[in-house]
Amino acid sequence: MLVIPAIDIIGGNVVRLSLGDYDRKSLYSTSAVEKAKEFENAGLKRLHLVDLDGAASNGIKNLKTLEEIKSRTSLIVDFGGGIKKEDDLKDAFDAGADYVTLGSIAVKNRDLTVDLLKKYEGRLILGADSKDGIIKSSGWLEDENVEVISFIKSYSGLGFSSVIATDISKDGMLSGPSFSLYEQIMKSADIPLIASGGVKDKEDLIKLKEMGLSAAIVGKAYYEGFITLKEMQEVSVAC
């Protein structure tokens, strides 16, 4: 299982939200590039970069941050937030993104999403953010009348490289991942699964690995000192 550190950006700063609430954010660094270099120096290979400003608006807002990280590190970057139309997707790839996550657009515009999958097969990740089993979009600010398992199943086999499944009720709370949700997804859909939200320590990562997930994203647990870069690298290398 690959362990992927996360950098969430608001106003160019590295932050973490609690329960997806933009009013409950903690600031951890004013330099996303330096934080990314720390991950690279620790031996980690991939980065989950989220433009929270873009996610809550009508397009990408922190493209420069992506460009700087790609120009100053060798990290494989999956980028999300603010992908509202095909031009946004092109901008992200032009800025250096290796993968791009489609969340809101996959919920709101299936026809366009299917078209994009044909053009960018293997480079797109499905973003499935949910609370109480229901998909939420636009930076988790909008409720969608879509059940998360059905949503993921509807895109299974259409070309997404993987799915990042986030249980918003777990995100930033250091209470442990949504193991039951991940079990349901793996039983229902044939697509590599990346866990996101709630990881609190190395033991959580080991359990996710034993469950058979392809990757796990670590955010607040690292920033708050509950898991070290060495531990993240050890679990990732042991895969």
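For clarity, every value in this text was computed on a predicted model and none was experimentally measured. (Residues numbered from 1 in each chain as written. Predicted model: local features only at pLDDT ≥ 70, side-chain atom pairs only at ≥ 80, totals over all residues. Heavy atoms only, no water.)

I'd like a description of the nonpolar core, backed by residues and values.
Grouped together as the largest cluster of nonpolar side chains are 65 residues, with contacts concentrated most on I7, L102, L124 and I152. The contact partners of I152, leaving out residues within four places of it in the chain, are L126, A128, V163, I185, A189 and I191. (Core = buried A, V, L, I, M, F, W, Y, C linked by side-chain atoms within 4.5 Å. Buried < 20%, exposed > 50% of the residue type's maximum accessible area, 1.4 Å probe, protein only. Contact = heavy atoms within 4.5 Å.)

Just give me the short version of helix α7 (residues 148-155), but keep the residues and values in it.
If you check which residues of α7 are buried, you get V148, I149, F151, I152 and Y155. Along the axis of α7, the buried residues cluster in a sector spanning 160°; they form a single face. Measuring from the backbone nitrogen of I149 back to the side-chain oxygen at the start of α7 gives 3.1 Å, which picks out E147 as the cap. At the exit of α7 stands G157, carrying a positive phi of roughly 85°. (Helix = DSSP H or I, 4+ residues; strand = E, 2+ residues; numbered from the N terminus. Arc of directions from axis to C-beta. Polar contact = N/O pair within 3.5 Å; in protein donor to acceptor, adjacent residues only side chain to side chain.)

Tell me what's going on with the pairing of strand β7 (residues 124-131), and back it up with residues and numbers.
In terms of residue burial, β7 counts as a mostly covered element, since seven of its eight residues are buried. Sheet analysis places strand β6 (residues 99-102) next to β7, joined by three bridges and oriented parallel. Opposite L102, over in β7, you have L126 as the bridge partner. Bridge analysis of β7 against strand β10 (residues 162-167) gives six bridges, and the strand direction is parallel. Its bridge partner lying in β10, I125 is registered against S162. Note: β7 against strand β8 (residues 134-137), two bridges, orientation antiparallel. Considered in β8, the bridge of S130 is made with I135. What sits between the antiparallel neighbours β7 and β8 is a turn of two residues, in which D132 has the positive phi angle 55°. (Pairing = 2+ DSSP bridges.)

Mind laying out helix α9 (residues 202-211), listing which residues take part and the relevant values?
Along α9, the positions that sit buried rather than exposed are D204, L205 and L208. Angularly, the buried residues of α9 cover 100° about the axis, an arc narrow enough to put them on a single face. Of the exposed residues in α9, the ones pointing more than 90 degrees away from its buried face are E203 and E210. A distance of 3.2 Å separates the backbone nitrogen of E203 from a side-chain oxygen at the start of α9, and that oxygen is part of D201. Positive phi appears at G212, one or two residues downstream of α9, with a value of about 100°.

Report on the packing of aromatic side chains, specifying residues and quantitative values.
For the structure on display, the rule yields six aromatic pairs. Between F39 and Y222, the aromatic rings sit 5.4 Å apart at their centres with planes inclined by 65°, giving edge-to-face as the arrangement. Note that F39 is positioned in helix α1 (residues 32-41) and Y222 in helix α10 (residues 220-223), a separation of 183 residues in sequence. On the accessibility criterion, F39 (0% relative accessible area) is buried. (Phe/Tyr/Trp six-rings, centres within 6.5 Å; stacked < 30°, edge-to-face > 60°.)

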